[in-house]
Amino acid sequence: MSVVNYGTREITCKIVYYGPGRSGKTTNLQHVYSQLPEERKGKMVSLATETDRTLFFDFLPLDLGTISGFATRFQLYTVPGQVYYAATRKLVLQGVDGVVFVADSQARQMAENIESLQDLHANLADEGLDPRTIPLVMQYNKRDLPAGELSTLEELDETLNFRGVPHYAATAVNGGGVFETLRSIASLVLSRLSAPAARES
Amino acid sequence: MRAVSQVVASLSRVPGVVAAMVVGASDGLIIEASQIVGYAPGATDTRRPTAALAAYLYSKVNRASDAARLGTPAFMRLEAEKGHICVVGASDVVLVTIVAPDANLGRVRLDMMNAAKDNR
Amino acid sequence: MTNPTVAEAWVAAPLKRLMEDARLISGVLLYPSGRAVGQFGFSNAADVMSICALTSAINASARELGRQLDGKPFYEMHHAGAERQVFMARAAAGAQEFLFVGVFDRESSLGVVEIYFSEFQKALEKLLPENQAVQVRPSGDFEGELNRSLDALFGPIGKK
């Protein structure tokens, strides 16, 4: 849940990158980290196995500067994608303000994408969050792989994006689509904060 | 309550006491321990396992005594080939001594029980 | 007390000894990646899976915390509950690292568990097979490996 401090005029929001194993969640954060200037980012923490599979989470704090008079910070997290780590994945989702679902565009991974999306919805519901309304952006990653191995963007959108949320093609390994995705989810989360219900509270 | 270090120091000075320890009753962890008399560098330090197992044994003895409706055990002594382990409970700690075979056990018992009384 | 079930036969004897001597109610031995190596006290693969995931996450967090505090990684954790206690620690056998998590109650104590865990570590060191490769796997079927170890402990799901 976003933390808004009217005294110090600071906003902190939590974004979680979700998706099946090896879909590119950590790669997204690594690219963001590598491209941002020092004054805009904190240290990136990666709790991973020796073969770089996320074990618990990756964490990257970002400073977005002042927006509408509020110093705005985002905390980006990834989750471990493997089904095996379901218990810890749930923990990372606590307090989430927005989700980036990183789907693996490979056709053979569609079942994993679907399973991961269902898992996301179940965990959001367990947290008392409405999966139909929480800020969500879809990223269809690995578009650089041979076309014959990929689902088309239309197939991915039709299968996964039943909410019709913003979606982006991406090749996170070289940064393609990464910042567009991040900008989109940041905008959705901040818009929600400035919505009338949020203002009243 | 007397400082734990004082309790250990005074018990370790009792003739025949090889080592004295104050140990957590519930966790078996050493709170304070004296040096082992005659300890040779490089030899196995037996204080930690002794403390853990003595506290554990005392907890079982306590339950046995309770089951027999005999109240709280006053003093527990394990006699072995090469010496004794003596244990007295004192609130949430136990006093443990490792004692030489030819020690004055009566004196050890008395001093331990007095030390425990001070700590209750 | 039932015998531990193990995915690697050589850990069975030391794990059983630890279970009996330390009077543990339940326990899991795992690799830092979360892959289960042996367990006792559990009848449900899903429970072991969650415990492995959480234990490996706690270990990863504790090591990072230790690093960030400019100190050495934390290797042991103890939680005392009202009725039961949890002990979690790292065990190194040669270059291979394991994690262990165990549960005990009033029938044991932290001091006793620590003593016998220390012996357990020495037993693992002594018994580690000479050809045991350090568990750093290439990027192959990682999830498959995680699940296969559960199959080895509980039998494949759906097959009787």
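It should be emphasised that the depicted structure is a prediction, and the values quoted were computed from it without experimental measurement.

Parameters and conventions
Residues numbered from 1 in each chain as written. Chains lettered and ligands numbered in written order. Predicted model: local features only at pLDDT ≥ 70, side-chain atom pairs only at ≥ 80, totals over all residues. Heavy atoms only, no water. Helix = DSSP H or I, 4+ residues; strand = E, 2+ residues; numbered from the N terminus. Rg over C-alpha atoms; globule rule 2.2 N^0.38 Å. Buried < 20%, exposed > 50% of the residue type's maximum accessible area, 1.4 Å probe, protein only. Contact = heavy atoms within 4.5 Å. Areas by Shrake-Rupley, 256 points an atom, 1.4 Å probe, with all protein chains shown as cover. Lys, Arg positive; Asp, Glu negative; His and termini not counted. Charge placed at Lys NZ, Arg CZ, Asp CG, Glu CD. Core = buried A, V, L, I, M, F, W, Y, C linked by side-chain atoms within 4.5 Å. Buried area = accessible area lost by both parts, 1.4 Å probe. Salt bridge = Lys/Arg side-chain N within 4 Å of Asp/Glu carboxyl O. Polar contact = N/O pair within 3.5 Å; in protein donor to acceptor, adjacent residues only side chain to side chain. Nonpolar A, V, L, I, M, F, W, Y, C, P; charged D, E, K, R; others polar. Expected span 1.5 Å × (residues − 1). Pairing = 2+ DSSP bridges. Axes fitted to C-alpha atoms, helices over the stretch in contact; angles between N-to-C directions.

Peer 1: Tell me what's going on with the overall build of chain A, and back it up with residues and numbers.
Peer 2: Regarding its fold elements, chain A presents 6 helices and 8 strands. Secondary structure elements of chain A, listed N to C terminal, follow the sequence β-β-α-β-β-β-α-β-α-β-α-β-α-α. Computed over C-alpha atoms, the radius of gyration of chain A comes to 16 Å, within 12% of the 17 Å expected from 2.2 N^0.38 for 201 residues, which places it in the range of a compact globule. Overall size of chain A, expressed as C-alpha extent along the three principal axes, is 55 × 35 × 30 Å. The burial tally for chain A puts 51% of its 201 residues in the buried class. Long-range contacts, defined here as pairs at least 24 residues apart, represent 70% of the contacts in chain A between residues at least 6 apart. When the accessible surface of chain A is split by element, carbon and sulfur atoms take 51% of a total near 9,200 Å². Here chain A contributes 19 positively and 23 negatively charged side chains, and the mean placements of these two sets differ by 5 Å.

Peer 1: Let's hear about unusual backbone geometry: which residues, and what values?
Peer 2: A positive phi angle, near 60°, is found at arginine 22 of chain A, a position not held by glycine. Inspection of the secondary structure assignment puts arginine 22 of chain A in the loop between strand E2 (10-18) and helix H1 (25-35). Notably, serine 91 of chain B is not glycine yet its phi reads approximately 65°, a positive angle. Relative to the helices and strands, serine 91 of chain B is located in the loop between strand E4 (83-90) and strand E5 (93-99).

Peer 1: Report on the nonpolar core, specifying residues and quantitative values.
Peer 2: Formed by 46 residues in total, the largest nonpolar core has its most connected members in Tyr18, Tyr84, Phe101, Leu120 and Leu160 of chain A. Not counting residues up to four positions away in its chain, the partners in contact with leucine 160 of chain A are Ala103, Met110, Asn113, Ile114, Leu117, Met138 and Tyr140 of chain A. Formed by 28 residues, the second largest nonpolar core is a distinct cluster that contains Tyr56 of chain B together with Phe40, Ala91 and Phe104 of chain C.

Peer 1: Lay out the interface of chain C and chain A in plain terms, naming residues and giving numbers.
Peer 2: Across the boundary between the two partners, chain C contributes 26 residues, which contact 16 residues of chain A. Between chain C and chain A, the buried area comes to about 1,700 Å², and carbon and sulfur atoms account for 67% of it. On the chain C side of the interface with chain A, the three residues burying the most area are Met49, Phe142 and Glu143 of chain C, jointly 27% of the side's total. At the boundary of chain C with chain A, the tally comes to 0 salt bridges. For the interface between chain C and chain A, the tally reads 4 residue pairs in polar contact (both at pLDDT 80 or more). Going through the elements one at a time, helix H2 (45-68) and helix H4 (142-154) of chain C are the ones with two or more residues in the side of chain C that touches chain A. The leading source of residues in the side of chain C that touches chain A is H2 of chain C, at 11 residues. Considering only residue class, the side of chain C that touches chain A consists of 12 nonpolar, 10 polar and 4 charged.

Peer 1: I'd like a rundown of helix H2 (residues 47-67) of chain B, residues and numbers included.
Peer 2: Residue and element names in this part refer to chain B. The end-to-end C-alpha distance of H2, which contains 21 residues, comes to 30 Å, matching closely the 30 Å that a straight helix rising 1.5 Å per residue would cover. Of all the residues in H2, the buried ones are Arg47, Thr50, Ala51, Ala52, Ala54, Ala55, Tyr56, Tyr58 and Ser65. Just beyond H2, the residue with positive phi is arginine 69, at close to 55°.

Peer 1: Explain the side chain of lysine 25 of chain A to me, and be specific about the residues and the numbers.
Peer 2: Residue and element names in this part refer to chain A. By the element assignment, lysine 25 lies in helix H1. Despite its burial, lysine 25 pairs with no opposite charge, the nearest such side chain being aspartate 58 at 7.9 Å. Residues contacting lysine 25, with those up to four places away along its chain left out, are Tyr17, Tyr18, Gly19, Pro20, Thr78, Val79, Gly81 and Val102.

Peer 1: Please give an account of the sheet that holds E5 of chain B that cites residues and values.
Peer 2: Residue and element names in this part refer to chain B. Taken together, the 5 strands give an open sheet; going across it, the order is E2-E1-E5-E4-E3, and neighbouring strands pair in antiparallel fashion. The open sheet has two edge strands, strand E2 (30-33) and strand E3 (76-80), and neither has a second partner. Neighbouring strand axes in the sheet, compared pairwise and without regard to direction, differ in orientation by 20° on average. Judged from the 7 bridges that link them, strand E1 (residues 17-24) and E5 form a sheet pairing that is antiparallel. Paired with valine 22 across the two strands is leucine 95, which belongs to E5. Helix H1 (residues 4-12) contacts E1, E2 and E5 of the sheet and is inclined by roughly 155° relative to E1. Each of E1, E2, E3, E4 and E5 touches H2; the most contacted strand, E1, lies at about 65° to it.

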